[in-house]
Amino acid sequence: MSAPIRPSAGGPASSGAETVRAISAPLSVAAIHATIRQDIIVLRLRPGTRVSENELARRFGTSRTPVREALFRLVDEGLVAVWPQRGTFITHISLRAVRRARFVREAMEVAILRRAAEQGLSAANQTMAERAIEDQEAARDQPEWFTRADDAFHRAFADGIDVGNIWAVLEREKAQFDRLRFLSLPNVTPVETLIGQHRAMLDAVRRGDVTAAEHAAREHLSEVLKVSDTLAATHPELIVDDT
């Protein structure tokens, strides 16, 4: 089997109707990428699903060019693969990629929590973190909204330490991790456990307790790996155990 490649730059131009719609309400590559990425993360686009540039262009009311660029980005993130003579497919969840993402994320998030505990977190960012926990409480049985609130919680710290747009780096690295995280909710990983860990992280930062903040972050990020083997055995159609 040939190795996957990036989508080709060729292909026919879009129809007149698509062109008019794209001109009247163009979507950015970033917006298209974010929408498709979210569909992959929450398994609306499941591993193994074939995707079509033409169908996506019709969905977004645009030409194939921004769709193709969005797919380029998803290939780079490991969420999409293009196979010669076969097509473009959503990749399976790789346990090796999940563990790599967890390693990178732990290194970054421990550093973020440490910095936040050392220098303090603004009232505005503390409020963002508190609201994210409240949103998680309200979305206990809604995995998609729960994970959105989870991201908002972690972003409150990343944005609060004023080290550039570090959240964008984290978000790119954790794509495979996020799919497994979503799959674990709410039955495999108890949401109460995650919420409690978030409270411990925020409390440690507020107290300026660096050691406690680091410990809470490491404990929190270990949850997905605790259930990865169980999920792989339960969902072999979605997950590849390539460790």
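Residues numbered from 1 in each chain as written. Predicted model: local features only at pLDDT ≥ 70, side-chain atom pairs only at ≥ 80, totals over all residues. Heavy atoms only, no water.

Caption draft 1: Quick look at unusual backbone geometry. One non-glycine residue, Q85, lies in positive phi territory at about 65 degrees. As for its placement among the helices and strands, Q85 is situated in the loop between strand 2 (80–83) and strand 3 (87–90). By relative accessible area, Q85 is classed as exposed at 82%. Backbone geometry places D162, a non-glycine residue, at a positive phi of 55 degrees. Taking the relative accessible area as the measure of exposure, D162 reaches 68% and is therefore exposed. (Helix = DSSP H or I, 4+ residues; strand = E, 2+ residues; numbered from the N terminus. Buried < 20%, exposed > 50% of the residue type's maximum accessible area, 1.4 Å probe, protein only.)

Caption draft 2: Highlighting the pattern of salt bridges. The tally for this structure, following the rule as stated, stands at 27 salt bridges. Of the charged contacts, one joins E53 and R64 as a salt bridge, the two residues approaching to 3.0 Å between their closest N and O atoms. Taken together, the residues E53 in helix 3 (residues 53–60) and R64 in helix 4 (residues 64–76) connect sequence positions eleven residues apart. Here E53 and R64 have matching classes, each one buried. (Salt bridge = Lys/Arg side-chain N within 4 Å of Asp/Glu carboxyl O.)

Caption draft 3: Spatial organisation of the nonpolar core. The biggest cluster of nonpolar side chains holds 32 residues, and the ones touching the most others in it are I112, L113, F146, F153, F157 and V205. Elements with a minimum of two residues in this core: helix 5 (95–119), helix 6 (123–138), helix 7 (143–160), helix 8 (166–173), helix 10 (191–207) and helix 11 (210–221). Looking at this core, the element that brings in the most residues is helix 10, giving seven residues. Discounting chain neighbours no more than four positions away, the residues touching F146 are Q136, A139, R140, L185, V191, L194 and I195. With 19 residues, the next largest nonpolar core counts L45, L74, V82 and I90 among its residues. (Core = buried A, V, L, I, M, F, W, Y, C linked by side-chain atoms within 4.5 Å. Contact = heavy atoms within 4.5 Å.)

The quantities given are spatial measurements derived from coordinates; they are silent on function.
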